[in-house]
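Topology and contacts: notes
Chain by chain, the residues run as shown.
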Amino acid sequence: MATLTIGIDIGGTSVRASVVDDKGAMLDTLRAATPPTADALEHCLDRLVGELVSRWAVKAVGLAIAGFLTRDRQIVRFAPHLPWREASVAAEMSARIGLPVFAEHDANAAAVAEYRYGAAARGHNSLVLAIGTGIGSGLILDGEIYRGSFGVAPELGHLTIVPGGRRCSCGKAGCWERYCSGTALVDTVIELLANGDWGRSALAADVAADPGSLTGRRVARAAADGDAVALAAYSQLALSLGQGLAMIADIFDPDLIVLAGGVGASSGLFLDEAREHYARLVTGAGYRQLARIRGTQLGEAAGVIGAAEVARQGIGATDPRFVTVSAPAPVRALGETGSR
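Residues numbered from 1 in each chain as written. Predicted model: local features only at pLDDT ≥ 70, side-chain atom pairs only at ≥ 80, totals over all residues. Heavy atoms only, no water.

Another aspect to go through is the environment of Asp-28. Along the chain, Asp-28 falls in strand S3 (residues 26-33). Through-space distance from the C-alpha of Asp-28 to that of Asp-272 is 34 Å; in sequence the pair is 244 residues apart. Residues contacting Asp-28, with those up to four places away along its chain left out, are Ala-17, Ser-18, Val-19, Leu-52, Arg-55 and Trp-56. Of the polar contacts made by the side chain of Asp-28, one reaches the side chain of Arg-55; its length is 2.8 Å. Side-chain polar atoms of Asp-28 contact the side chain of Trp-56, separated by 2.9 Å. (Helix = DSSP H or I, 4+ residues; strand = E, 2+ residues; numbered from the N terminus. Contact = heavy atoms within 4.5 Å. Polar contact = N/O pair within 3.5 Å; in protein donor to acceptor, adjacent residues only side chain to side chain.)

It is worth spelling out the pairing of strand S8 (residues 101-105) at this point. Counting buried positions over the five residues of S8 gives five, a clear majority of the element. Residues of S8 alternate between two faces, with Val-101, Ala-103 and His-105 on one and Phe-102 and Glu-104 on the opposite face, all of them buried. With five bridges joining them, strand S4 (residues 60-65) and S8 adopt parallel strand pairing. Within S8, the residue paired with Leu-63 across the bridge is Ala-103. (Buried < 20%, exposed > 50% of the residue type's maximum accessible area, 1.4 Å probe, protein only. Pairing = 2+ DSSP bridges.)

With that settled, the discussion passes to the sheet that holds S3. Through backbone hydrogen bonds, the strands of a sheet pair up, either in parallel or in antiparallel fashion. Spatially, five strands are ordered S3-S2-S1-S4-S8 in an open sheet, and the strand pairing comes out mixed. Pairing within the sheet leaves two strands with one partner each, and these edge strands are S3 and S8. The average undirected angle you get between the axes of adjacent strands in this sheet is 20 degrees. Two strands pair when backbone bridges link them, and strand S2 (residues 14-20) and S3 are joined in this way by seven bridges, in the antiparallel orientation. (Axes fitted to C-alpha atoms, helices over the stretch in contact; angles between N-to-C directions.)

Moving on: helix H3 (residues 106-117). The end-to-end C-alpha distance of H3, which contains twelve residues, comes to 16 Å, matching closely the 16 Å that a straight helix rising 1.5 Å per residue would cover. The buried count for H3 comes to twelve of twelve residues, which makes it a mostly enclosed element. (Expected span 1.5 Å × (residues − 1).)

Our next topic: unusual backbone geometry. What you tend to see is this: most non-glycine residues have negative phi, and most peptide bonds are trans. Cis peptide bonds are those with omega within 30 degrees of zero, and the linkage from Ala-153 to Pro-154 qualifies with -10 degrees. On the secondary structure map, Pro-154 appears in the loop between strand S11 (144-145) and helix H4 (182-194). Despite not being glycine, Arg-73 has its phi angle at roughly 65 degrees, a positive value. The topology assignment puts Arg-73 in the loop between strand S5 (68-69) and strand S6 (76-78). With a relative accessible area of 3%, Arg-73 lands in the buried category. Phi at Asp-253 is positive, roughly 50 degrees, even though this residue is not glycine. The residue Asp-253 is located in the loop between helix H7 (228-252) and strand S12 (256-260) in this model.

Our next topic: the nonpolar core. Soluble globular proteins: nonpolar side chains tend toward being buried together. In this structure, Leu-129, Trp-176, Leu-203, Val-219, Leu-241, Leu-245 and Leu-259 are the most contacted members of the largest nonpolar core, which totals 42 residues. Those elements giving two or more residues to this core turn out to be strand S9 (125-131), strand S10 (135-141), H4, helix H5 (202-209), helix H6 (216-224), H7, S12 and helix H9 (271-281). Take this core: its biggest share by element is eleven residues, from H7. Among residues more than four places away in sequence, those in contact with Leu-259 are Leu-129, Ile-131, Leu-241, Gly-264, Ser-267, Phe-270, Leu-271, Ile-293, Arg-294, Gly-295 and Thr-296. Core analysis: the second largest hydrophobic core is formed by 33 residues, Val-19, Val-58, Ala-79 and Ala-103 among them. (Core = buried A, V, L, I, M, F, W, Y, C linked by side-chain atoms within 4.5 Å.)

Per the stated rule, a full pass over the model turns up two aromatic pairs. Taking 5.8 Å as the distance between ring centres and 65 degrees as the angle between the ring planes, the aromatic pair formed by Phe-68 and Phe-78 counts as edge-to-face. Of the two residues, Phe-68 is situated in strand S5 and Phe-78 in strand S6; the sequence distance between them amounts to ten residues. Relative to Phe-270, the ring of Tyr-234 lies with its centre 5.9 Å away and its plane at 15 degrees, an arrangement referred to as stacked. With Tyr-234 in helix H7 and Phe-270 in the loop between helix H8 (261-264) and H9, this pair connects stretches of sequence that are 36 residues apart. Accessibility expressed as a relative area gives 1% for Phe-270, which makes it buried. (Phe/Tyr/Trp six-rings, centres within 6.5 Å; stacked < 30°, edge-to-face > 60°.)

Here Ser-137 shows up in strand S10. For Ser-137, a relative accessible area of 3% translates into the label buried. A polar contact of 2.3 Å, which involves the side chain of Ser-137, links it to the backbone oxygen of Pro-154. In terms of polar contacts, Ser-137 uses its side chain to reach the backbone amide nitrogen of Leu-156, at 3.3 Å. Filtering out sequence-adjacent residues up to four positions away, Ser-137 remains in contact with His-105, Ala-107, Asn-108, Leu-127, Val-128, Leu-129, Pro-154, Glu-155 and Leu-156.

Here it is as structure tokens:
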């Protein structure tokens, strides 16, 4: 009988909770907007878990959290887009809902899922970039998550790529995620509209009529429809992504990079252009092997599936505080998107 766990992906914009089986299949899913306070967020998680538990025999819960966790993942020290600060989230939620709860960085959770069930299954040293409201990053070296000495590595979204650039919620300016994320797409469109006449752009007309309607998803839809402003915004995102990937290659030299998250799921709009920038900007361009770059196989579900897998491993581990990635399941068709 399959062991069912709940995976919850807690992002800066939305919370997604799913019952997941031991083959990575999502059986039941609920969504909610991310509340602004810690109490409200914990109540939201309690409510989502309670509703799912009423329908399924669940053994444990995994939380994919967009923030800094201690190496044992017991404390959420800081989350730029969430209200927790020095919070014992896993223990507090476990006491609240009456089930074992295991926390993980959201990008690490996505990396676990892609390595077990998706596009990173054949990677040796793999990097998963979860590009959504911000940028999360999960690095798998020889089958194990790399956390660094204090549990926060690799926090690539807050590398500075534009000195003195856009202010970031982390307190710095010019961070990579301020130019390569769903939030960045919105800011780029606003800047483009302020500095040019875009004629018949439907997106420009929509923003003029209702500025609050502008979201990263709206920009993605407009780009898919060929809107000039949206395509220009994605072109800037592609350049920023290529710049960041070149920096990452210089530091980690991975053989495989997987783009996950909400923006990563729309990689067909920018990935080829980003690859060209990456290949041009990397140190030793033309004289070294480049990482294969793939779009996600699991899409926006990667964080949820990975959180559920972390919970499943946690209840079977001798010391559940230190869950690593087990060997991948048999590889399914990968659906690679033009990797080189």
